[in-house]
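Fold and geometry: a report
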Amino acid sequence: MPNALFSPLELRGLTLNNRIAVSSMCQYVAENGSAVDWHIMHLGQFSMGAAGLVMTEATAVSAVGRITPKCLGLYSDENEAALKRVIDFCRKYGVTPMGIQLAHAGRKGSTQIPLDGGKSLRADENPWTTPAPSAIPFGLGWHVPQALSREGLAAIRAEFVAAAERAVRIGFDLAELHSAHGYLLHQFLSPLSNQRSDEYGGKLENRMRFPLEVFEAVRAAWPDDKPLGIRISATDWIEGGWTVEESVVFAGELKSLGCDFIDVSSGALSPLQKIPLGPGYQVPFSARIRKQAGMATWTVGMITKARQAEEIIAGGKADMVSLARGMMFDPRWAWHAAEELGVDTEYSRMYARCAPGQWPEVFPWRDK
Ligand SMILES: Cc1cc2nc3c(=O)[nH]c(=O)nc-3n(C[C@H](O)[C@H](O)[C@H](O)COP(=O)(O)O)c2cc1C
């Protein structure tokens, strides 16, 4: 039986060696948006392989677009130089293509880092005014955001483009826009956070307008041969919120704008959500969008086992699996999965000696 998880995936001009991605994971250690040495450690370890792709954490397109003061950003020359240093390192020693997640937190910005409580920044913690579609806070005790004007929308669109241009200069292989987890683009999609009465609010077509405008503008700035996708929350998990049916329509619109994949997550728009967590709980959303919109999808969330991942890809439920916590727990997850599934995969040259095929005394079932 050919193996599905370790089969290559073509996205425009990029061929990924396998269907495993290291998912975006905020680290909350950046300085004024700039990557630090920790990012070399964090992304460097994953770039050694054998996942097919490594994604950066949410990378803010402006200082205001950060979730916390310690979030990574790509809005200044210093940010660009700092992130380039990390990605150059990963390219020099690693073997894995690198993707960037471009983000704007909107009303979920100006918060403390999770280790400090994750609440809205207090007056003595240099809070900033957060923008959003409507002046509706995320929850009780959160900053009340400022509803964006037309000029504000145009400025944020331009910030996404400028950050994408910086990402091109750094040499990223792939990019995705963060339109999930209750951040700015998702705030436009959901009728719970978007109660505008202009052409950016109300019916589905209007709620999708700003995220689609941003996507179109970034696509025009992003090289033709490089894939561009988007992470969405397929549902808000709340009555009256964004739905999977709407996600299918959104995916179709994105496809017509040259979107190469939908990275399907869910939730985090409101603290009122009720999520039935369990292994692979978001896989059905990916399967549905993949089938109904006819698009490549990634699935993420509580995927931890090699055979579980293999079954998802072989069963046509997603084109990629993306792992976050499982990768922090075991940065060599993909090497171990390959071994469990009986597949050979790529190793960085310096670590080639640890590949099971290289020491049959310990792995006698492997041919040398
Ligand atoms: C420490 C941490 C940081 C995260 N940061 C981001 C992020 O920057 N962008 C994003 O889209 N998701 C982020 N997530 C969500 C993960 O990418 C992933 O969707 C989620 O953890 C479910 O996958 P898992 O069960 O494999 O951990 C984060 C998750 C963790 C645990």
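Report follows, based on the coordinates. These numbers were taken from a predicted model, which means no experiment stands behind them.

1. Things to note about the overall build of the chain
From N to C terminus, the chain includes ten helices and twelve strands. Its C-alpha radius of gyration of 20 Å places the chain within 12% of the 21 Å reference for a compact globule of 368 residues. When its C-alpha atoms are laid out on the principal axes, the chain stretches across 65 × 45 × 40 Å. By the burial criterion, 60% of the 368 residues in the chain qualify as buried. Within the chain, counting contacts between residues at least 6 apart in sequence, those at least 24 apart form 71% of the total. Of the roughly 15300 Å² of accessible surface on the chain, 54% is carried by carbon and sulfur atoms. Within the chain, one finds 37 positive and 40 negative side-chain charges whose respective centroids are separated by 2 Å.

2. Observations concerning the pairing of strand E11 (residues 297-300)
Of the two faces of E11, the one holding Thr297 and Thr299 and the one holding Trp298 and Val300 are both buried throughout. Inspection of the sheet shows strand E10 (residues 261-265) paired to E11 by three bridges, in the parallel sense. Counterpart to Val264 in the pairing with E11 is Thr299. In this view, the connection linking E10 to its parallel neighbour E11 by way of helix H7 (residues 283-293) has right-handed handedness.

3. Here's the deal with the packing of aromatic side chains
Across all of its chains, the model carries eight aromatic pairs by this definition. Considering the side-chain rings of Trp242 and Phe250, the 5.9 Å spacing of their centres and the 90° angle between planes classify their relative orientation as edge-to-face. The two residues Trp242 and Phe250 agree in class, both being buried. Three or more aromatic residues joined by ring pairs make a cluster, and in this case those are Phe188, Tyr200 and Phe210. Here the guanidinium or amino end of Arg66 rests over the ring plane of Trp128, the centre of that ring lying 5.3 Å away. Here the guanidinium or amino end of Lys108 rests over the ring plane of Tyr183, the centre of that ring lying 4.8 Å away.

4. Description of the sheet that holds E10
In a beta sheet, neighbouring strands pair by backbone hydrogen bonds and run either parallel or antiparallel. Overall, parallel pairing links the eight strands, which are arranged E3-E4-E5-E8-E9-E10-E11-E12 in a closed barrel. Between one strand and the next, the sheet's axes are offset by a mean angle of 25°, whatever the strand orientation. Here five bridges tie strand E8 (residues 174-179) to strand E9 (residues 228-233), and the two strands are oriented parallel to one another. Among the inter-strand pairings, His178 is bridged to a residue of E9, identified as Arg231. Running at roughly 150° to strand E4 (residues 53-60), helix H1 (residues 37-47) makes contact with strand E3 (20-22), E4 and strand E5 (98-103) of the sheet.

5. Some details on the layout of surface pockets
Sizing a probe to match a water molecule and rolling it over the atoms shows the empty space that remains. Its boundaries defined by the atoms lining it, the largest pocket holds a volume of some 1100 Å³. What lines the largest pocket is a set of 39 residues, among which Ser24, His181, Arg231, Ala324 and Arg325 lie closest to the centre. Those elements that provide at least two residues to the lining of the largest pocket are strand E12 (320-323) and helix H9 (325-329). In terms of residue count, the dominant contributor to the lining of the largest pocket is H9 (three residues).

6. Describing helix H8 (residues 306-314)
Every buried residue of H8 is listed here: Ala306, Gln308, Ala309, Glu310, Ile312 and Ile313. Check the buried side of H8 and you find it contacts H7, E11, E12 and helix H10 (333-341). Backbone geometry just downstream of H8 places Gly316 in the positive-phi region, at approximately 70°.

7. Description of the pattern of salt bridges
In total, this model carries 21 salt bridges according to the counting rule given. Among the ionic pairs, Asp88 bridges to Lys84, the shortest N-O distance being 2.8 Å. Linking Asp88 with Lys84, this pair stays in helix H2 (residues 77-93), spanning four residues, or about one helical turn. A residue is classified by how much of its surface remains accessible, and Asp88, at 32% relative accessible area, is partly exposed. A salt bridge links Lys203 to Glu205; its shortest N-O distance comes to 3.6 Å.

8. Examining the nonpolar core
In this structure, Ile20 and Ile262 are the most contacted members of the largest nonpolar core, which totals 86 residues. Discounting residues that sit within four places of it in the chain, Ile262 has contacts with Ile230, Ile232, Ala251, Leu254, Ile289, Met295, Ala296, Thr297 and Trp298. By size, the runner-up hydrophobic cluster in this structure holds twelve residues, among which are Leu9, Leu11, Leu53 and Leu174.

9. Details of unusual backbone geometry
Of note in this structure, Asn126 is not a glycine but carries a positive phi near 55°. With respect to the secondary-structure elements, Asn126 resides in the loop between E5 and strand E6 (131-132).

10. Points about the pairing of E8
Most of E8 sits inside the fold, with six of its six residues counted as buried. Of the two faces of E8, the one lined by Leu174, Glu176 and His178 and the one lined by Ala175, Leu177 and Ser179 are each fully buried.

11. Points about the site of the ligand
Of all residues adjacent to the ligand, which total 16 residues, the nearest are Ser23, Ser24, Cys26, Met302 and Arg325. One nitrogen or oxygen atom from the side chain of Gln101 is found 2.8 Å from a nitrogen atom belonging to the ligand. One of the side-chain N or O atoms of His178 is found 3.1 Å from an oxygen atom in the ligand. Notes on the ligand: free accessible area 600 Å², of which the protein chains cover 82%. With respect to the detected pockets, the ligand is housed in the largest pocket. Class assignment of the residues belonging to the shell around the ligand gives a composition of seven nonpolar, six polar and three charged.

Rules behind the numbers
- Residues numbered from 1 in each chain as written.
- Predicted model: local features only at pLDDT ≥ 70, side-chain atom pairs only at ≥ 80, totals over all residues.
- Heavy atoms only, no water.
- Helix = DSSP H or I, 4+ residues; strand = E, 2+ residues; numbered from the N terminus.
- Rg over C-alpha atoms; globule rule 2.2 N^0.38 Å.
- Buried < 20%, exposed > 50% of the residue type's maximum accessible area, 1.4 Å probe, protein only.
- Contact = heavy atoms within 4.5 Å.
- Areas by Shrake-Rupley, 256 points an atom, 1.4 Å probe, with all protein chains shown as cover.
- Lys, Arg positive; Asp, Glu negative; His and termini not counted.
- Charge placed at Lys NZ, Arg CZ, Asp CG, Glu CD.
- Pairing = 2+ DSSP bridges.
- Right-handed = clockwise from strand over helix to strand, strands pointing away.
- Phe/Tyr/Trp six-rings, centres within 6.5 Å; stacked < 30°, edge-to-face > 60°.
- Lys NZ or Arg CZ within 6 Å of the ring centre and 35° of its normal.
- Axes fitted to C-alpha atoms, helices over the stretch in contact; angles between N-to-C directions.
- 1 Å grid on protein atoms, 1.4 Å probe; cavity = no way out; pocket = protein on both sides within 12 Å on 5 of 7 lines; lining within 4 Å.
- Points joined across faces, edges and corners; volume = space filled by probe spheres on them.
- Salt bridge = Lys/Arg side-chain N within 4 Å of Asp/Glu carboxyl O.
- Core = buried A, V, L, I, M, F, W, Y, C linked by side-chain atoms within 4.5 Å.
- Near = heavy atom within 4 Å.
- Polar contact = N/O pair within 3.5 Å; in protein donor to acceptor, adjacent residues only side chain to side chain.
- Sits in = over half its atoms within 2 Å of the grid points.
- Nonpolar A, V, L, I, M, F, W, Y, C, P; charged D, E, K, R; others polar.

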